[in-house]
Amino acid sequence: MSSSNPAPRLSLIMPMLNEAAGIQAALTLLQPLRETGVEIILVDGGSSDESVALATGLADRILISEPGRARQMNLGAQHAHSPVLLFLHADTQLPPGAENAAINSVLDALKTRHWGRFDIRLAGKSRWLPVISQLMNLRSRLSGIATGDQAIFVRRDTFFAAGSFPDQPLMEDIELSKRLKNIEPPASLATQVVSSGRRWDQFGAFPTICLMWRLRYRYWRGVNATQLAKEYRNAR
């Protein structure tokens, strides 16, 4: 970027696919960040609804990608102008009312660390969601592995040095975390992002927990991510 247009302090990358029901509200919450020098990059994976039209004007740029969350986020990273990347899912919010404080926490953490993630709070109807959230945060702290719902942030050069997100349809966040963990453990911010608990509400808390643990265990045992993605779709 030219000297008259300094690089943004952070590039926030959001993958999107058929999110017409909520994308306008999600991006509206992020508008104050744009005024503070945060670049919002939206990457659509071929939505068949009105997602792109509804998002127009609410992001610094909207990119069109082949479908696949990993491909979408990698494309966003390639077009980012900041040395700091934050990957935010469309159904995950930075701390409501404290978005700028959350971004400042990211920037502070990356002064001494290469990457990190937030704690998570699942929002939904199931009374088990607070317990599930706590277990997810505990597991992440113990393992050093982050999920995409926890809003992974990373230095741009470190992201590319780690090989970006692997081009696979599931567990791309787990695989990236493993690569980054080989560089150093993550900065684990206690600040909570809020993510949708709709899959736990829709399919039941315990069946969903069992499904996710079974898929992760099989991935750890070396089962191909493409096969696991098929099983995940069939189980929902």
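Everything discussed here concerns the structure shown above.
What comes next is a walk through the structure. Just so we're clear, the structure is a prediction, and the values are computed from it rather than from any experiment.

**Some thoughts on the overall build of the protein chain**
Scanning the protein chain from terminus to terminus reveals 10 helices and eight strands. For a compact globule of 236 residues, the expected C-alpha radius of gyration is about 18 Å, and the protein chain comes in at 17 Å, within 12% of that figure. Each of the three principal axes of the protein chain carries a C-alpha extent, and together these read 55 × 40 × 30 Å. Looking at the 236 residues of the protein chain, the share that counts as buried comes to 50%. In the protein chain, the proportion of contacts linking residues at least 24 apart, taken out of those at least 6 apart, comes to 73%. Summed over all atoms, the accessible surface of the protein chain reaches about 11,300 Å², with 53% contributed by carbon and sulfur. Side-chain charges in the protein chain split into 27 positive and 21 negative, and the spacing between the mean points of these groups amounts to 8 Å.

**Regarding empty space enclosed by the protein**
Per the counting criterion, the structure on display carries one cavity of 30 Å³ or more. Here the largest cavity is characterised by a volume of approximately 50 Å³. Around the largest cavity, the lining residues are Met14, Ala26, Leu29, Leu30, Leu88, Thr92, Gln93, Leu94 and Glu99. Listing elements by their share of the lining of the largest cavity, those giving two or more residues are helix H1 (23-35) and strand S5 (92-93). Considering every element that reaches the lining of the largest cavity, the biggest residue donor is H1, with three residues. Its residues assigned to classes, the lining of the largest cavity comprises six nonpolar, two polar and one charged.

**As for the nonpolar core**
Counting 38 residues, the largest nonpolar core has Leu12, Leu86 and Phe118 as the members making the most contacts within it. For this core, the elements supplying multiple residues, two or more each, are strand S1 (10-16), H1, strand S2 (38-44), strand S4 (84-87), helix H4 (99-109), strand S6 (115-123), helix H5 (129-143) and strand S8 (187-196). The next biggest cluster of nonpolar side chains, apart from the first, holds 20 residues, and it includes Leu63, Leu85, Ile152 and Leu180.

**Re the environment of Arg69**
Relative to the helices and strands, Arg69 is located in helix H3 (residues 69-78). For the pair Arg69 and His89, spaced 20 residues apart in sequence, the C-alpha to C-alpha distance is 9.4 Å. Other than its neighbours up to four places away in sequence, Arg69 contacts Pro15, His89 and Glu172.

**Notes on the pattern of salt bridges**
As enumerated under the stated definition, the model contains 13 salt bridges in all. When the shortest N-O distance is used, the salt bridge between Asp167 and Arg71 registers 2.8 Å. Of this pair, Asp167 sits in the loop between helix H6 (156-161) and helix H7 (172-183) while Arg71 sits in helix H3, and the two are 96 residues apart along the sequence. Owing to a relative accessible area of 56%, Asp167 belongs among the exposed residues under this scheme.

**A closer look at a nonpolar patch on the surface**
Taken together, the side chains of Trp128, Val131, Leu135, Leu138, Leu142 and Phe206 define a hydrophobic patch exposed on the protein surface, amounting to about 610 Å² of accessible area. Among the elements that take part in the nonpolar patch, H5 stands out by supplying four residues, more than any other. Along the polypeptide, Leu138 turns up in helix H5. Residue Leu138 is classed as partly exposed on the basis of its relative accessible area of 46%.

**A word on the sheet that holds S6**
Within the open sheet, the eight strands sit side by side as S3-S2-S1-S4-S7-S6-S8-S5. Their pairing is mixed. One side of each edge strand has no neighbouring strand; the edge strands of this open sheet are strand S3 (61-64) and S5. Two strands pair when backbone bridges link them, and S2 and S3 are joined in this way by four bridges, in the parallel orientation. Within S3, the position partnered with Val43 by the bridge is Leu63. Sheet contacts for H3: S1, S2, S3 and S4; angle to S1, the most-contacted strand, approximately 150°. Contacting S6 and S8, H5 crosses the sheet at an angle of about 165° to S6.

**Thoughts on H5**
With 15 residues, H5 ought to run about 21 Å at 1.5 Å a step, and its terminal C-alpha atoms sit 21 Å apart, in line with that. Here H5 has its buried residues at Leu129, Ile132, Ser133, Met136, Asn137, Arg139 and Ser140. Buried residues of H5 fall within an arc of 160° about the axis and therefore sit on the same side. Pointing more than 90 degrees away from the buried face of H5 are the exposed residues Gln134, Leu135 and Leu142.

About the criteria used
Residues numbered from 1 in each chain as written. Predicted model: local features only at pLDDT ≥ 70, side-chain atom pairs only at ≥ 80, totals over all residues. Heavy atoms only, no water. Helix = DSSP H or I, 4+ residues; strand = E, 2+ residues; numbered from the N terminus. Rg over C-alpha atoms; globule rule 2.2 N^0.38 Å. Buried < 20%, exposed > 50% of the residue type's maximum accessible area, 1.4 Å probe, protein only. Contact = heavy atoms within 4.5 Å. Areas by Shrake-Rupley, 256 points an atom, 1.4 Å probe, with all protein chains shown as cover. Lys, Arg positive; Asp, Glu negative; His and termini not counted. Charge placed at Lys NZ, Arg CZ, Asp CG, Glu CD. 1 Å grid on protein atoms, 1.4 Å probe; cavity = no way out; pocket = protein on both sides within 12 Å on 5 of 7 lines; lining within 4 Å. Points joined across faces, edges and corners; volume = space filled by probe spheres on them. Nonpolar A, V, L, I, M, F, W, Y, C, P; charged D, E, K, R; others polar. Core = buried A, V, L, I, M, F, W, Y, C linked by side-chain atoms within 4.5 Å. Salt bridge = Lys/Arg side-chain N within 4 Å of Asp/Glu carboxyl O. Patch = residues over 30% accessible without salt bridge, like charges linked within 9 Å, V, L, I, M, F, W, Y side chains within 5 Å. Pairing = 2+ DSSP bridges. Axes fitted to C-alpha atoms, helices over the stretch in contact; angles between N-to-C directions. Expected span 1.5 Å × (residues − 1). Arc of directions from axis to C-beta.

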